[in-house]
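Structural features, examined
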Amino acid sequence: MSLGTRMQPNTALLSLILMLGTFFIAFFMRKFKNSRFLGGKARRIIGDFGIPISILVMVLVDYTITDTYTQKLNVPSGLSVTSPQKRDWFIHPLGSRQAFPMWMMFASAIPALLVFILIFMETQITTLIVSKKERKLMKGSGFHLDLLLIGTMGGLCALFGLPWLTAATVRSVTHVNALTVMSKAIAPGEKPKIEEVKEQRVTGVAIAVLVGLSIVMGNMLRRIPLAVLFGIFLYMGVTSLNGIQFYERLHLLLMPPKHHPDVTYVKKVRSLRMHLFTGLQLACLAVLWAVMSTAASLAFPFILILTVPLRMCLLTRIFTARELKCLDAEEAEPIFDEREGVDEYNEMPMPV
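In this numbering scheme, every chain counts its residues from 1 along its sequence in written order. Only residues with pLDDT of at least 70 get local features here, since the model is predicted, and only at 80 or more are side-chain atom pairs given and counted; chain-wide, interface and lining totals rely on the full set of residues. For side-chain calculations, the full set of non-hydrogen atoms in the structure is used, while hydrogens and water are omitted.

1. Side note on the overall build of the chain
Test applied: In this description a helix means any DSSP run of H or I spanning at least four residues, a strand means any run of E spanning at least two, and both kinds are numbered starting from the N terminus. Partly exposed residues are those whose accessible area sits between 20% and 50% of the maximum for their type, while under 20% is buried and over 50% is exposed, using a 1.4 Å probe and protein chains only. Here, two residues are considered to be in contact whenever any of their heavy atoms come within 4.5 Å of each other. Residue exposure ignores everything except the shown protein chains as possible cover, and the areas themselves are Shrake-Rupley values with a 1.4 Å probe.
Looking only at helices and strands, one finds 16 helices and 2 strands in the chain. Among the 352 residues that make up the chain, the fraction classed as buried is 25%. When contacts within the chain are restricted to residue pairs at least 6 apart in sequence, those whose partners lie at least 24 apart make up 65%. Carbon together with sulfur atoms contributes 68% to the accessible area of the chain, which is approximately 24100 Å² in total.

What follows is the structure, given as structure tokens:
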């Protein structure tokens, strides 16, 4: 038995340790930001740089363990296309080596429509999450500019064989959370409130520059285990769940009604009706996950778009318009037209 074969059983264990270690270090450094240790500025610096610190620590742990193999990040050397022997930088729309069949131009509209639906839905979902009313964003026109750039760059990237631009929901939400300023002076037991979001493009430009510099940092990046990156993805996914109503209603499935929070979808919708809506959402999520994980993944955009008639036709027969406003509203606090016997000032949507 070779040395490489004897090292394989420890690979899974070490990869799991690296992934969970990266996640927990980054997560607790985020929590450390609101603790009582050290000064405010020191806590803020440690909390903001929790992800780079966790990556550095786990890379050092992997570097010190020399007798166990872990899969590293695959970074190509230099700047070139994926398959230089097959194509050049520019991909001619009408065919580079032979004429492009006329019928294939029309047939390509079908997969192009699928890609368009997928990118459009991801961008719109990200916009709805990021531009929630409680974030108090002021530069709303920036989203329209981003949509224009994503649509324009989609055609340009295809000519050069580059990946299409998308909103990247998890990273976008994490970026906005990092730029969010929370209130400091709060009453005992009260949750911190969002004061503002630092709306700027400096960090976006800096990220793009650092991605470009990764070309000359290949030797350093090849030392990062993939398990460490999985830990970062897990961290971004978990921290981005906060504030999503579906995630909060999943908690309520296992919580007695007397412990439910004082929010609109709890006060104005009966518990069984609320749980029914959550169960339907969970079933749709399971179907989408099953389609995405099988050979039918190409049909994912079609399955995703079918949720629109499901919402407009089926759910409107099961739930009332008032219930849907509470359970599926675009805003954090829906505004109702009917206020029978209730003072309007009691239901005035306050910023949270």
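Read on for the rest.
2. A short note on the packing of aromatic side chains
The criterion, for reference: Only Phe, Tyr and Trp rings take part, Trp by its six-membered ring, and two of them pair if their centres are within 6.5 Å. Stacked means planes under 30 degrees apart, edge-to-face means over 60, and tilted covers everything else.
According to the stated counting rule, one finds 7 aromatic pairs in the structure shown. Taking 5.4 Å as the distance between ring centres and 80 degrees as the angle between the ring planes, the aromatic pair formed by phenylalanine 277 and phenylalanine 319 counts as edge-to-face. Note that phenylalanine 277 is positioned in helix H13 (residues 271–292) and phenylalanine 319 in the loop between helix H15 (307–318) and helix H16 (321–327), a separation of 42 residues in sequence. Relative accessible area serves as the criterion here: at 2%, phenylalanine 277 is assigned to the buried category.

3. Considerations on the nonpolar core
The line we're drawing: What is meant by a nonpolar core is a set of buried Ala, Val, Leu, Ile, Met, Phe, Trp, Tyr and Cys residues, joined one to another through side-chain atoms within 4.5 Å.
One finds Leu252, Tyr265, Val266, Val269, Met274, Phe277, Leu315, Phe319, Leu324, Cys326 and Leu327 forming the largest nonpolar core, which totals 11 residues. Among the secondary structure elements, those contributing two or more residues to this core are helix H12 (264–267), H13 and H16. Among the elements that take part in this core, H16 stands out by supplying 3 residues, more than any other.

4. With respect to the pattern of salt bridges
Spelled out, the test is: One speaks of a salt bridge when a side-chain nitrogen belonging to Lys or Arg is within 4 Å of a carboxyl oxygen belonging to Asp or Glu.
On inspection of all chains with the given rule, the structure shows 2 salt bridges. Between aspartate 62 and lysine 72 there is a salt bridge; the shortest N-O distance is 3.4 Å. Separated by 10 residues along the polypeptide, aspartate 62 in helix H3 (residues 50–64) and lysine 72 in the loop between H3 and helix H4 (102–107) bring together distant segments of the chain. For aspartate 62, a relative accessible area of 6% gives the class buried. With relative accessibility at 31%, the residue lysine 72 sits in the partly exposed group. Put simply, glutamate 323 and arginine 273 hold a salt bridge, and the shortest N to O gap is 2.9 Å. Within this pair, whereas glutamate 323 is found in helix H16, its partner arginine 273 is found in helix H13, the two being separated by 50 residues in sequence. Across this residue pair, the class does not change: glutamate 323 and arginine 273 are buried.

5. Digging into the packing of helix H5 (residues 109–130) against helix H7 (residues 169–178)
To characterise two packed helices, one gives the angle between the axes of the helices and the distance between these axes. Put simply, the rule reads: As a rule, the C-alpha atoms of each element are fitted with a line to give its axis, helices using only the stretch in contact, and angles between N-to-C directions run from 0 to 180 degrees. Here the angle decides the label: under 35 degrees means roughly parallel, over 145 means roughly antiparallel, 65 to 115 means roughly perpendicular, and every other value means oblique. Note: crossing handedness is left-handed where the near helix turns anticlockwise from the far helix by less than a right angle, and right-handed where it turns clockwise. Amino acids outside the nonpolar list (Ala, Val, Leu, Ile, Met, Phe, Trp, Tyr, Cys, Pro) and the charged list (Asp, Glu, Lys, Arg) are all regarded as polar, and Gly is one of them.
At a minimum axis separation of 10 Å, H5 and H7 run at an interaxial angle of 20 degrees. Relative to H7, H5 is oriented roughly parallel. In this structure, H5 meets H7 at a crossing whose hand is right-handed. Between H5 and H7, the contacting residues are Glu122, Thr126, Ile129 and Val130 on the first element and Thr169, Ser172, Val173 and Val176 on the second. Looking at side-chain class alone, the contact of H5 with H7 contains 4 nonpolar, 3 polar and 1 charged residues.

6. Considerations on the confidence of the model for the chain
Where we set the bar: pLDDT is a residue-level measure of predictor confidence that goes from 0 to 100.
Taken over all residues, the pLDDT of the chain has a mean of 77, while the share at 70 or more is 87%. In the model, residues 1–7 has pLDDT below 50 throughout and makes 4 contacts with residues more than four positions away in sequence or in other chains. In this model residues 332–352 is a low-confidence stretch, pLDDT under 50, and it forms 25 contacts with partners more than four residues away in sequence or in other chains.

7. Overview of H13
Heads up, the rule is: Working rule for helices: expected span equals 1.5 Å times residues minus one. Note: the arc covers the axis-to-C-beta directions of the helix.
An ideal rise of 1.5 Å per residue puts 32 Å on 22 residues; H13 measures up with 31 Å between its terminal C-alpha atoms. Three or more residues of H13 are buried, namely Arg273, Met274, Phe277, Thr278, Leu288 and Val291. End-on view of H13: buried residues confined to an arc of 145 degrees, all on one side of the axis. Exposed positions of H13 whose direction lies more than 90 degrees from the buried face are Leu272 and Trp289.

8. Considerations on a nonpolar patch on the surface
Cut-off, in case you're wondering: Exposure above 30% relative accessible area and the lack of any salt bridge qualify a residue for a patch; like charges then connect within 9 Å, and the nonpolar side chains Val, Leu, Ile, Met, Phe, Trp and Tyr within 5 Å.
On the surface, Leu79, Trp89, Phe90, Phe160, Leu162, Val205, Val209, Leu210, Leu213, Ile215 and Val216 cluster together into a nonpolar patch covering about 1100 Å² of accessible area. Here leucine 162 shows up in the loop between helix H6 (141–159) and H7.

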